[in-house]
Amino acid sequence: MRAQRAGSAIPSVALAGYTNAGKSTLLNALTDAAVGVGERLFHTLDPTTRAYEHGGRRYLVTDTVGFIRKLPHQLVEAFKATLEETVQADLVVHVVDASEPEAGRVESMAAVDSVLEEIGAGDKPRLVAYNKIDLLDADQRRDLLVGEADAVAISAETGEGIEGLRDRIEAAFAETLRPVELLVPYAEGSRLSELHDVAGDLEREDTPDGVLVKARLPAGLMHRWERFEVNGARPAQSSDDDAA
Ligand SMILES: Nc1nc2c(ncn2[C@@H]2O[C@H](COP(=O)(O)OP(=O)(O)OP(=O)(O)O)[C@@H](O)[C@H]2O)c(=O)[nH]1
Ligand SMILES: [Mg+2]
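Residues numbered from 1 in each chain as written. Chains lettered and ligands numbered in written order. Predicted model: local features only at pLDDT ≥ 70, side-chain atom pairs only at ≥ 80, totals over all residues. Heavy atoms only, no water.

### Re the overall build of the protein
Phase 1 of the analysis: In terms of regular secondary structure, the protein is built from 8 helices and 9 strands.
Phase 2 of the analysis: For the protein, long-range pairs separated by at least 24 residues make up 67% of all intrachain contacts whose partners lie at least 6 apart in sequence. (Helix = DSSP H or I, 4+ residues; strand = E, 2+ residues; numbered from the N terminus. Contact = heavy atoms within 4.5 Å.)

And the structure:
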C-alpha cells in the first residue's frame, strides 16, 4: 500500500504527536467532509489513512500511534511499520495538547521530536498544530503562538482553526508545485483525467490540437507530463529553494 502511495502524486500528511494529543480526533475533523468518491478510491488503504479535498486538490492524512516519553527502543522497533507512515509522508503535522501545562508540554514535544529523529523523519517539513484551544482562556491563546511561525492553533473537537490548518497544509505543498502549460491531445483523455487528480484546480481551453492546460504540478511528477509541455512554458528553476 505504501509503495502504491509513494507512486501517486497525492500529497500525504502524517499526524504525529504525544499520546492523547488529539491526533485521531483531528483526523476525523480534517476528513469528515471528504466526498464519497475519495473514500472509495482509497478504501484499500489502511483505516487510519483517509482523504480530504481542499482547493480542488486531494490530500491523504494518516493517523499514527501516539508517542510517549522515553519510548523504549524495542517499542520503536515494534511500531516501525506504523511509524514508517510518518517517514513516507510529505509533511508531518505535530499535534500538541495545548491544554497541558507548559513544562509537560515542552517535554512531550521534545519526546516527539526525538522519536521523529530516531525513525528518520527529523528533516521532514513540519507544522505544529496546538490542539484543544477550546480549553484555553484568552491569555493562554495569545501566548501560544508567540514566536512560532510554523504553528497553528486549533480545536479538533469544535472545529475551530481546522480550515486554517488546511490552508497551511496547502501552502506547504504549494511550495513544491511548479506551474506548467500542457497541450494534451484529445486521444489521451485518460492522461487528462489523471492530470485532474494530481493537479487539483486547473485552467483548460479546448483547441483544435487538444486541450491546453495550465496547472501546477508536483515537481517530482514533471517527467510524466514533459512530452505534453508547451515550449517555453517552463519557468526558470533558479530560486525555488529560496522562496521560504
Ligand atoms: N477539549 C478538547 N478535547 C479534545 C480535542 N481533541 C481531542 N480531544 C480529546 O482528547 C482525548 C484524546 O484524543 P485522541 O484523538 O484519541 O488523541 P490521540 O492523539 O489520537 O491519542 P493516542 O491515539 O492515544 O495517541 C479524547 O478524549 C478527545 O475527545 C480538542 O480539540 N478539545
Ligand atoms: Mg489516536
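### Details of the packing of aromatic side chains
Phase 1 of the analysis: One pass over the full model with this rule turns up 3 aromatic pairs.
Phase 2 of the analysis: Pairing tyrosine 59 with phenylalanine 173 gives two aromatic rings, centres 5.7 Å apart and planes at 50 degrees, and the pair type is tilted. Remark: phenylalanine 173 occurs in helix H7 (residues 162–174) and tyrosine 59 occurs in strand E3 (residues 57–63); sequence separation between them is 114 residues. Both residues of the pair, tyrosine 59 and phenylalanine 173, belong to the buried class.
Phase 3 of the analysis: Ring geometry for tryptophan 225 versus phenylalanine 228: centroids 6.3 Å apart, planes at 45 degrees, classification tilted. Accessibility classification places tryptophan 225 together with phenylalanine 228 in one group, the buried group.
Phase 4 of the analysis: The ring centre of tryptophan 225 lies 4.5 Å from the NZ or CZ of arginine 191, which sits over that ring. (Phe/Tyr/Trp six-rings, centres within 6.5 Å; stacked < 30°, edge-to-face > 60°. Buried < 20%, exposed > 50% of the residue type's maximum accessible area, 1.4 Å probe, protein only. Lys NZ or Arg CZ within 6 Å of the ring centre and 35° of its normal.)

### Topic: the pairing of strand E1 (residues 12–17)
Looking along a regular strand, one sees side chains alternate from face to face of the sheet.
Phase 1 of the analysis: With 6 of its 6 residues buried, E1 lies for the most part within the structure.
Phase 2 of the analysis: Pairing of E1 with E3, which is carried by 4 bridges, proceeds in the parallel orientation. Among the inter-strand pairings, serine 12 is bridged to a residue of E3, identified as leucine 60. (Pairing = 2+ DSSP bridges.)

### Here we look at the sheet that holds strand E8 (residues 203–207)
Phase 1 of the analysis: On the basis of which strands lie adjacent, the open sheet formed by 3 strands has the order E7-E9-E8 and antiparallel pairing. Every interior strand has two partners, whereas the edge strands, strand E7 (177–184) and E8, have only one. Taking each pair of neighbouring strands and ignoring which way they run, the sheet shows an average axis angle of 20 degrees.
Phase 2 of the analysis: Pairing geometry for E8 and strand E9 (residues 210–218), over 5 bridges, is antiparallel. Considered in E9, the bridge of arginine 204 is made with valine 213.
Phase 3 of the analysis: Helix H8 (residues 189–199) rests against E7, E8 and E9 of the sheet, and its axis sits at about 30 degrees to E9. (Axes fitted to C-alpha atoms, helices over the stretch in contact; angles between N-to-C directions.)

### Some words on the side chain of histidine 54
Phase 1 of the analysis: When you line up the elements, histidine 54 lands in strand E2 (residues 49–54).
Phase 2 of the analysis: Within the local environment of histidine 54, its side chain forms a polar contact with the side chain of aspartate 167, the two groups lying 2.8 Å apart.
Phase 3 of the analysis: In contact with histidine 54, other than residues within four places in its own chain, are Tyr59, Glu163, Arg166, Asp167 and Glu170. (Polar contact = N/O pair within 3.5 Å; in protein donor to acceptor, adjacent residues only side chain to side chain.)

### With respect to the sheet that holds E3
Phase 1 of the analysis: The strand order E2-E3-E1-E4-E5-E6 describes an open sheet built from 6 strands, whose pairing is mixed. The sheet is open, and its two borders are formed by E2 and strand E6 (151–153), each paired with just one other strand. Taken pair by pair, the neighbouring strands of this sheet meet at an average axis angle of 25 degrees, ignoring direction.
Phase 2 of the analysis: Packing of helix H5 (residues 102–118) onto the sheet brings it into contact with E1, strand E4 (91–97) and strand E5 (126–131), and relative to E4 it is tilted by some 155 degrees.

### Regarding the site of ligand 1
Phase 1 of the analysis: By nearness alone, 16 residues border ligand 1, and Thr19, Gly22, Lys23, Thr25 and Asp134 come closest of all.
Phase 2 of the analysis: Contact distances for ligand 1 include 2.9 Å between an oxygen atom and a side-chain N or O atom of serine 24.
Phase 3 of the analysis: Between an oxygen atom of ligand 1 and a side-chain N or O atom of threonine 25, the distance comes to 2.6 Å.
Phase 4 of the analysis: In isolation ligand 1 has 650 Å² of accessible area, and contact with the protein removes 72% of it.
Phase 5 of the analysis: With 3 residues, helix H2 (residues 23–31) is the largest single contributor of residues to the shell around ligand 1.
Phase 6 of the analysis: Looking at the shell around ligand 1 residue by residue, the classes come out as 4 nonpolar, 8 polar and 4 charged. (Near = heavy atom within 4 Å. Areas by Shrake-Rupley, 256 points an atom, 1.4 Å probe, with all protein chains shown as cover. Nonpolar A, V, L, I, M, F, W, Y, C, P; charged D, E, K, R; others polar.)

### Focus on the nonpolar core
Where a protein is soluble and globular, its nonpolar side chains tend to be buried together.
Phase 1 of the analysis: One finds Val13, Leu15, Leu26, Leu30, Val93, Leu165 and Ile169 to be the most contacted residues of the largest nonpolar core, which totals 22 residues.
Phase 2 of the analysis: Of all hydrophobic cores here, the second largest spans 16 residues; its members include Val180, Leu192, Leu202 and Leu221. (Core = buried A, V, L, I, M, F, W, Y, C linked by side-chain atoms within 4.5 Å.)

### Things to note about the pattern of salt bridges
Phase 1 of the analysis: Under the definition given, this model contains 10 salt bridges.
Phase 2 of the analysis: Arginine 227 is the salt-bridge partner of glutamate 188, the closest N and O atoms lying 3.2 Å from each other. Of this pair, glutamate 188 sits in the loop between E7 and H8 while arginine 227 sits in the segment after E9, and the two are 39 residues apart along the sequence.
Phase 3 of the analysis: Judged by its relative accessible area of 22%, glutamate 188 falls in the partly exposed class.
Phase 4 of the analysis: Several salt bridges share partner residues, and in doing so they unite Arg191, Glu194 and Arg224 into one network. (Salt bridge = Lys/Arg side-chain N within 4 Å of Asp/Glu carboxyl O.)

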